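Chain residues, written in single-letter form:
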Amino acid sequence: MQTKTSCLIVDDEKLARDLLAEFLEDFPDIEVVGQCSKGTDAVEKINELKPKLIFLDVQMPGMDGFGVLEAIEHQPYVIFSTAYDQYALKAFEKNAIDYLLKPLDHERFRQAIERAMERITKDENNIEELISSLNKDKDVSYSSHLFVQKSEKLLNLSVSEIIHLEASGDYTVLTTKTDQYLSSSGISKLEVKLDPEIFIRIHRSTIINLKHLKEIEKHFNGGLVVKMENGKNFPVSRTYAKEIKKKVV
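The sections below set out a description of the structure shown in this document.

Re the layout of surface pockets
- What the second largest pocket holds in volume is close to 650 Å³.
- In terms of lining residues, the second largest pocket is bounded by 26 residues, among which Phe92, Glu93, Lys94, Asn95 and Ala167 are the most central.
- Only α4 (88-93), α5 (106-136), β8 (164-168), β9 (171-175) and β15 (233-236) provide two or more residues apiece to the lining of the second largest pocket.
- Considering each element in turn, the lining of the second largest pocket owes the most residues, 4 residues, to β8.

Below you can see the structure in the form of structure tokens.
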């Protein structure tokens, strides 16, 4: 029997929550496990219930949607649902699956759900493949080169040149000192090819090369930010913070 995908609805407007719940009734593989009207309550519920998917409003009293994502320990898949279009870029920088504008359109909602389920299935398959490969062969060898897309060419890129990797939808952007390259492989698939002593995942959407890490900054709220030699800064999610802390002597 297939397990249903758990879902949490976070919105300060009751009408919006009710409409999302109504739309979700058309998808029997998704189970709404709760609703929240405040960002602080959402943080507690997400960490407690660990939903696979959340619908998240941006502007809410006290703590906005982006604050929720920074505060949670469990990392769900996120679909933003908001009346404001100016946050779309920031939402996708947070690796959101989709960004729905109110008033909600039923067909557009259906497309977002299909995209979410496709991503969730793909990521779960990647994890299963990783576990299977580790069980078959404990002596894992890591790639020294990767083939990456540049214009109409596939280039043979030395892994040592990569400073960081960032998820971009179903693709991954690889940054070096001189250029950026696009890989058609998802970030989780690339992660298993990289030596974990050198490449550390610090967020669901980010992997960094420790050899190009300049410093780690601790914020007043206990969060960590890594600063790379090329000037790029990345937040460290709580889920992956322990991997960074292992390197502290």
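Considerations on the pattern of salt bridges
- Taken as a whole and assessed by the stated rule, the structure comprises 12 salt bridges.
- Between arginine 115 and aspartate 98 there is a salt bridge, with its nearest N and O atoms 3.2 Å apart. Here aspartate 98 lies in strand β5 (residues 98-101) and arginine 115 lies in helix α5, a separation of 17 residues in the sequence.
- Given the relative accessible area of 40%, arginine 115 is considered partly exposed.
- The buried category is assigned to aspartate 98, whose relative accessible area is 1%.
- Each of Asp11, Asp57 and Lys102 takes part in a single network of salt bridges with overlapping partners.

Considering the side chain of serine 183
- Positionally, serine 183 belongs in strand β10 (residues 180-183).
- Within the structure, the side chain of serine 183 is placed 3.1 Å from the backbone nitrogen of serine 185, a separation counted as a polar contact.
- Setting aside residues no more than four positions away along its own chain, serine 183 makes contact with Tyr171, Thr172, Leu174 and Leu190.

So, the environment of asparagine 156
- One can find asparagine 156 in strand β7 (residues 153-158).
- Along the backbone, asparagine 156 and isoleucine 113 are 43 residues apart, and their C-alpha atoms lie at a distance of 36 Å.
- Leave out the neighbours within four places in its chain, and asparagine 156 touches His145, Leu146 and Phe147.

Details of the packing of aromatic side chains
- Under the criterion given, the structure shown has 7 aromatic pairs.
- Considering the side-chain rings of phenylalanine 27 and phenylalanine 109, the 6.1 Å spacing of their centres and the 55 degrees angle between planes classify their relative orientation as tilted. Within this pair, whereas phenylalanine 27 is found in the loop between α1 (14-24) and β2 (30-36), its partner phenylalanine 109 is found in helix α5, the two being separated by 82 residues in sequence. For the pair phenylalanine 27 and phenylalanine 109, one class covers both residues: buried.
- With 5.4 Å between their ring centres and 15 degrees between their planes, phenylalanine 55 and phenylalanine 109 make a pair best called stacked. Of this pair, phenylalanine 55 sits in strand β3 (residues 53-56) while phenylalanine 109 sits in helix α5; the two residues are 54 residues apart in sequence, bridging distant segments of the chain.
- Assessed through its relative accessible area of 0%, phenylalanine 55 is described here as buried.
- When its relative accessible area of 1% is taken as the criterion, phenylalanine 109 is described as buried.
- Each member of the aromatic cluster is reached from another via a ring pair, and the members are Phe66, Phe80, Tyr84, Tyr87 and Tyr99.
- Between the NZ or CZ atom of lysine 90 and the centre of the ring of phenylalanine 66, over which it lies, the distance is 4.5 Å.
- The positively charged end of arginine 204 is found above the aromatic ring belonging to tyrosine 77, 5.1 Å away from the centroid.

Rules of the game
- Residues numbered from 1 in each chain as written.
- Predicted model: local features only at pLDDT ≥ 70, side-chain atom pairs only at ≥ 80, totals over all residues.
- Heavy atoms only, no water.
- 1 Å grid on protein atoms, 1.4 Å probe; cavity = no way out; pocket = protein on both sides within 12 Å on 5 of 7 lines; lining within 4 Å.
- Points joined across faces, edges and corners; volume = space filled by probe spheres on them.
- Helix = DSSP H or I, 4+ residues; strand = E, 2+ residues; numbered from the N terminus.
- Salt bridge = Lys/Arg side-chain N within 4 Å of Asp/Glu carboxyl O.
- Buried < 20%, exposed > 50% of the residue type's maximum accessible area, 1.4 Å probe, protein only.
- Polar contact = N/O pair within 3.5 Å; in protein donor to acceptor, adjacent residues only side chain to side chain.
- Contact = heavy atoms within 4.5 Å.
- Phe/Tyr/Trp six-rings, centres within 6.5 Å; stacked < 30°, edge-to-face > 60°.
- Lys NZ or Arg CZ within 6 Å of the ring centre and 35° of its normal.

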